[in-house]
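Listed here are the chains, written in short residue letters.
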Amino acid sequence: MNTDFRSKALTAVVGLLFLSAIYTIFFYAPTERVMGIVQKIFYVHLSMAFTAFLSFFIAFICGILYLIKKDIKWDVYGSSSVEIGVVFISLTLFSGVMWARPIWNTWWTWDPRLTTALILWFIYVSYLILRTSVDQESKRAAYCAVLAIVGFVDVPIVFMSARVWRSIHPVVIKSDSIDIEPSMIFTLAITMAAFFSLWFLLFRLKTNVALTCKRIRFLENRIEGGD
């Protein structure tokens, strides 16, 4: 099975999952009695948040592996994951703002969940800035690996913030149950599957491009050195 076919097959799976997610969100899941139609942002909002968490977890693992093995491919995997994660955490914050306005009657409040999520955004945006600030590849990879590891500490804090501190943010996923109807759980599962598959597709494309660019630069340097 060639790479082009796998990419097309994966893209088709992503498309089918998103079509399924759209259908279940708007036609299968019931409309919440208090919040009404705006509650349907929940499925996308939570799925994007967990996709961002997945990105930062992968970067955390890649950071550890780079520091142990000093293999630059782990830096490529980690940086690619962070880039995707920053997109998803940005969309999470944006969708949260869109949800908060009609429900809380404000665009933003310094709620523990929102505040810790914003800190997470700043941490990984700083990671991307750091990558453009250090020229030497090995130093850049090491610094970014450390930041990816340290920054991941904020992920469980974001998840637990509404449980540990007083918060107006709803807690849906509890230690012993999920506090929504079965049809809503099914819709959330489909939506999460769609976003996770999109993450895998983006990660695959991004790492392939990044590794190819490194190989090209390596060959160019060899050619120039031979001259």
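Quick notes on the rules
- Residues numbered from 1 in each chain as written.
- Predicted model: local features only at pLDDT ≥ 70, side-chain atom pairs only at ≥ 80, totals over all residues.
- Heavy atoms only, no water.
- Axes fitted to C-alpha atoms, helices over the stretch in contact; angles between N-to-C directions.
- Helix = DSSP H or I, 4+ residues; strand = E, 2+ residues; numbered from the N terminus.
- Left-handed = near helix turned anticlockwise from the far one by under 90°.
- Contact = heavy atoms within 4.5 Å.
- Nonpolar A, V, L, I, M, F, W, Y, C, P; charged D, E, K, R; others polar.
- pLDDT = per-residue confidence, 0-100.
- Parallel < 35°, antiparallel > 145°, perpendicular 65-115°, else oblique.
- Core = buried A, V, L, I, M, F, W, Y, C linked by side-chain atoms within 4.5 Å.
- Buried < 20%, exposed > 50% of the residue type's maximum accessible area, 1.4 Å probe, protein only.
- Patch = residues over 30% accessible without salt bridge, like charges linked within 9 Å, V, L, I, M, F, W, Y side chains within 5 Å.
- Areas by Shrake-Rupley, 256 points an atom, 1.4 Å probe, with all protein chains shown as cover.
- Salt bridge = Lys/Arg side-chain N within 4 Å of Asp/Glu carboxyl O.
- Phe/Tyr/Trp six-rings, centres within 6.5 Å; stacked < 30°, edge-to-face > 60°.
- Expected span 1.5 Å × (residues − 1).
- Arc of directions from axis to C-beta.

A. Examining the packing of helix α3 (residues 72-104) against helix α4 (residues 112-133) more closely. Contact pair α3 / α4: the axes reach a minimum separation of 9 Å and the direction vectors enclose 150°. At the point where α3 passes α4, the crossing takes the left-handed sense. Contact residues: Asp-75, Gly-78, Ser-79, Val-82, Glu-83, Val-86, Ile-89, Ser-90, Leu-93 and Trp-104 in α3; Leu-114, Ala-117, Leu-118, Leu-120, Trp-121, Tyr-124, Val-125, Tyr-127, Leu-128 and Arg-131 in α4. For the contact of α3 with α4, the class distribution of residues is 14 nonpolar, three polar and three charged.

B. Inspection of the confidence of the model for the chain at higher detail. Per-residue confidence for the chain gives a mean pLDDT of 88, with 89% of residues at or over 70. Mean pLDDT values over the elements of the chain span from 86, in helix α6 (residues 154-164), up to 96, in helix α2 (residues 41-69).

C. Highlighting the packing of α4 against α6. Closest axis-to-axis distance for the α4/α6 pair is 8 Å, and the angle between their directions is 170°. Judged by the inter-axis angle, α4 sits roughly antiparallel to α6. Only Asp-154, Val-155, Ile-157, Val-158, Phe-159, Ser-161, Ala-162 and Arg-163 of α6 make contact with α4, whose side of the interface consists of Pro-112, Arg-113, Thr-116, Ala-117, Ile-119, Leu-120 and Ile-123. Split by residue class, the contact of α4 with α6 holds ten nonpolar, two polar and three charged.

D. Region of the structure containing the nonpolar core. Among the nonpolar cores identified, the biggest contains 25 residues, and Phe-56, Leu-120 and Tyr-124 are the most heavily contacted of them. Sequence-distant contacts of Tyr-124, defined by excluding residues within four places in its chain, comprise Phe-56, Val-82, Val-86, Ala-148, Gly-151 and Phe-152. With eleven residues, the next largest nonpolar core counts Leu-46, Ile-180, Met-184 and Leu-188 among its residues.

E. Here's a closer look at unusual backbone geometry. The backbone phi angle of Lys-70 is positive, close to 55°, even though this residue is not glycine. Relative to the helices and strands, Lys-70 resides in the loop between α2 and α3.

F. Quick look at a nonpolar patch on the surface. Taken together, the side chains of Leu-16, Leu-19, Ile-22, Tyr-23, Phe-26, Phe-27, Tyr-28, Ile-37 and Phe-186 present a nonpolar region at the surface, about 1000 Å² in accessible area. On the secondary structure map, Leu-16 appears in helix α1 (residues 3-28). Since its relative accessible area comes to 56%, Leu-16 is described here as exposed.

G. Summary view of the environment of Ala-100. Residue placement: Ala-100 occurs in helix α3. Given the relative accessible area of 4%, Ala-100 is considered buried. The residues contacting Ala-100, other than those within four sequence positions of it, are Asn-105, Thr-106 and Trp-107.

H. Just the packing of aromatic side chains, in detail. Summed over all chains, the structure comprises 16 aromatic pairs. With centroids separated by 5.1 Å and ring planes inclined at 65°, the aromatic side chains of Phe-42 and Tyr-43 adopt a geometry described as edge-to-face. For Tyr-43, a relative accessible area of 0% corresponds to the buried category. Measuring from centroid to centroid gives 6.2 Å for Phe-50 and Phe-159, while their planes differ by 75°, and the two rings are edge-to-face. On the criterion of sequence distance, the pair formed by Phe-50 in helix α2 and Phe-159 in helix α6 is long-range, its members being 109 residues apart. The class of Phe-50 is partly exposed, set by a relative accessible area of 21%.

I. Quick peek at α3. With 33 residues, α3 should cover 48 Å at 1.5 Å per step; its first-to-last C-alpha distance of 46 Å lies within 8% of that length. Within two residues after α3, Asn-105 carries a phi angle of roughly 65°, on the positive side.

J. α6, seen in detail. Here α6 has its buried residues at Asp-154, Val-155, Val-158, Ser-161 and Ala-162. Around the axis of α6, the buried residues are gathered within 130° of arc, so they sit on the same side. Looking at the buried residues of α6, the elements they touch are α2, α4 and α5 (137-151).

K. Just the side chain of Thr-187, in detail. Relative to the assigned elements, Thr-187 resides in helix α7 (residues 182-226). Thr-187 sits in the buried class, given a relative accessible area of 0%. If we skip the residues at most four places from it in the chain, Thr-187 touches Thr-24, Ile-25, Tyr-28, Ala-29 and Tyr-43.

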